[in-house]
Amino acid sequence: MPTVFGSMRRLMLTPQLADVTFAKRGFPAEPSPGSRHLEAVPQAVICGFEWGIDARDQWEVERRLDLVNEELRGFAYEGVTMAFTVLDAMGRGHRTRDLLLGPGRPHIFLAYIGMGFAMARLPRKLWSKAVPDLAGDPYHPTMSWLAVDGYGFDRAYFDKPRWIDAQQVPKPYPWEGSPDYFLRAVDQGVGRALWFICGGRAPDVAAAVRRFAEHRQPDLWSGVGLAATFAGGSDADGLDALRRAAGDEWPQVALGVVFAVKARFYSGLVPDYTTAACQTLAGLTVDKAVALADATAVHSPGAEPAYELWRQRIRAHFDNA
């Protein structure tokens, strides 16, 4: 049963399921099986958020998550993490840490994105509380940059006129001590949002990316590759078209593909559309993409964040292909 305060928070913070449909958001995507598939992703996030913000105890949330279709379960964990991050940052709880050191561990990649969704609803002075101490997890804190990616996705998805049409750039923030890279990680999330906003249609996605300043396009393309692979939404012909449309930026798309495959593999489920995107967009089997991600992993920062150094190593594989 929900708490009174939880229900009040839910009413204030949670969009309705209809609010994330492409028609309601005014996205140019045309109705299709692919766009309907993509619409289910933010709806799963919203369901998770509602369960998390209303929760009396974590067991009930975890049980609800177990009942979600396995393909969408990670997105529901994303929503729960968003809710728990809001609650922890505004109080003194450790819900997020308990979730991610427990049953949420396989979904850590999406969970970081959920923290970014929470950041979009929290004042910046609370951002330092957005990521809990996950000592012992092999992807912490390297992959915490996905929280910044999630912030960028949220801004672009829920305020397209400002962040896509007007191409606003946020004020830098010293995430992991790298304020300049913060802007690049935001763009990676904006690129993911473009895949959804354009309904997974390669020509529309490519045109949207190319409307941005040239220096922003590589990170946008990597976000597109990640979204196309992790979330699906395109058939074989569409994936072929996406690879061609990326042109010289294809290594950026392939980089996003490898990260997406690694995240799906780590969660325990690799859908057929992820396998197909891996082969078409990166020219790799799932096993080889996972092996590439593991062989190039960086856990200690250098002149740049470890996250970006990892990305560079993966991208170099395709630059030299």
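Each value, and the rule that gives it
- Residues numbered from 1 in each chain as written.
- Predicted model: local features only at pLDDT ≥ 70, side-chain atom pairs only at ≥ 80, totals over all residues.
- Heavy atoms only, no water.
- Helix = DSSP H or I, 4+ residues; strand = E, 2+ residues; numbered from the N terminus.
- Rg over C-alpha atoms; globule rule 2.2 N^0.38 Å.
- Buried < 20%, exposed > 50% of the residue type's maximum accessible area, 1.4 Å probe, protein only.
- Contact = heavy atoms within 4.5 Å.
- Areas by Shrake-Rupley, 256 points an atom, 1.4 Å probe, with all protein chains shown as cover.
- Lys, Arg positive; Asp, Glu negative; His and termini not counted.
- Charge placed at Lys NZ, Arg CZ, Asp CG, Glu CD.
- Core = buried A, V, L, I, M, F, W, Y, C linked by side-chain atoms within 4.5 Å.
- 1 Å grid on protein atoms, 1.4 Å probe; cavity = no way out; pocket = protein on both sides within 12 Å on 5 of 7 lines; lining within 4 Å.
- Points joined across faces, edges and corners; volume = space filled by probe spheres on them.
- Nonpolar A, V, L, I, M, F, W, Y, C, P; charged D, E, K, R; others polar.
- Phe/Tyr/Trp six-rings, centres within 6.5 Å; stacked < 30°, edge-to-face > 60°.
- Expected span 1.5 Å × (residues − 1).
- Polar contact = N/O pair within 3.5 Å; in protein donor to acceptor, adjacent residues only side chain to side chain.

S.K.: Provide a residue-level description of the overall build of the protein chain, including the pertinent values.
M.R.: Looking only at helices and strands, one finds 17 helices and 0 strands in the protein chain. Computed over C-alpha atoms, the radius of gyration of the protein chain comes to 18 Å, within 12% of the 20 Å expected from 2.2 N^0.38 for 321 residues, which places it in the range of a compact globule. Out of the 321 residues belonging to the protein chain, those deemed buried represent 57%. A separation of at least 24 residues holds for 74% of the contacts in the protein chain among residues at least 6 apart in sequence. Accessible surface for the protein chain amounts to roughly 13,400 Å². Of this, 53% is attributable to carbon and sulfur atoms. Each charge class in the protein chain was averaged separately, 35 positive and 37 negative side chains, and the resulting centres sit 5 Å apart.

S.K.: Explain the nonpolar core to me, and be specific about the residues and the numbers.
M.R.: The tendency in soluble globular proteins is for nonpolar side chains to be buried side by side. Ranked by internal contacts, the top residues of the largest apolar core, which has 112 residues, are Met143, Trp175, Phe182, Trp195, Phe196 and Phe318. With residues near it in sequence (within four places) discarded, Phe196 still touches Phe22, Phe27, Leu38, Val41, Pro42, Phe153, Tyr157, Ala227 and Ala231.

S.K.: Could you give an account of the layout of surface pockets, with specific residues and numbers?
M.R.: In this structure, the largest pocket spans a volume of roughly 200 Å³. Residue lining of the largest pocket: Glu30, Pro31, Ser32, Gly199, Gly200, Arg201, Ala202, Pro203, Gly233, Ser234, Asp235 and Gly238, and that is the complete set. Across the lining of the largest pocket, the residue classes tally to 3 nonpolar, 6 polar and 3 charged.

S.K.: Give me the lowdown on the packing of aromatic side chains, citing residues and values where you can.
M.R.: Applying the stated criterion across every chain yields a total of 22 aromatic pairs. Aromatic pair Phe109 and Tyr139: ring centres 5.1 Å apart, planes at 50°, arrangement tilted. You can see Phe109 sitting in helix H7 (residues 108-119) and its partner Tyr139 sitting in the loop between H7 and helix H8 (145-158), a full 30 residues away along the chain. For the pair Phe109 and Tyr139, one class covers both residues: buried. Seen from their ring centres, Tyr151 and Phe182 are 6.3 Å apart, and the 40° between their planes marks the pair as tilted.

S.K.: Lay out helix H17 (residues 306-319) in plain terms, naming residues and giving numbers.
M.R.: Between its first and last C-alpha, H17 extends 20 Å over 14 residues, near the 20 Å set by a 1.5 Å rise per residue. Every buried residue of H17 is listed here: Ala306, Tyr307, Glu308, Trp310, Arg311, Ile314, Arg315 and Phe318. Buried-residue contacts for H17 involve H8, helix H10 (179-197), helix H12 (217-230), helix H14 (250-267), helix H15 (272-282) and helix H16 (286-296).

S.K.: Got a sec to walk through the side chain of Ser267? Specific residues and values, please.
M.R.: Counting through the fold element by element, Ser267 comes out in helix H14. Not counting residues up to four positions away in its chain, the partners in contact with Ser267 are Pro106 and His107.

S.K.: How would you sum up empty space enclosed by the protein? Please name residues and give values.
M.R.: What the rule picks out here adds up to 3 cavities of 30 Å³ or more. Taken together, 25 residues make up the lining of the largest cavity; nearest its centre are Pro42, Val45, Glu78, Phe117 and Phe153. At 5 residues, the largest contribution of residues to the lining of the largest cavity is made by helix H3 (residues 33-54). Here the lining of the largest cavity is composed, by residue class, of 20 nonpolar, 1 polar and 4 charged. What the second largest cavity holds in volume is close to 110 Å³. Broken down by secondary-structure element, the contributors of at least two residues to the lining of the second largest cavity are H7, H12 and H14. With 4 residues, H14 is the largest single contributor of residues to the lining of the second largest cavity.

S.K.: Any details on unusual backbone geometry? Residues and values, ideally.
M.R.: At the junction of His140 and Pro141, the peptide bond is cis and its omega measures out at 5° in the coordinates. The phi dihedral of Gln167 falls on the positive side, at around 55°, and the residue is not glycine. Within the secondary structure layout, Gln167 lies in the loop between helix H9 (160-165) and H10. Looking at Gln167, the relative accessible area reads 22%, which means it is partly exposed.

S.K.: So what about H8? Which residues, and what values?
M.R.: Helix length check: H8 (14 residues) gives 20 Å between terminal C-alpha atoms against 20 Å at 1.5 Å per residue, within 8%. Buried residues dominate H8, accounting for 13 of its 14 residues.

S.K.: Residues and numbers for the environment of Asn320, please.
M.R.: With respect to the helices, strands and loops of the structure, Asn320 is situated in the segment after H17. Within polar-contact distance, the side chain of Asn320 engages the backbone oxygen of Ala316 at 2.9 Å.

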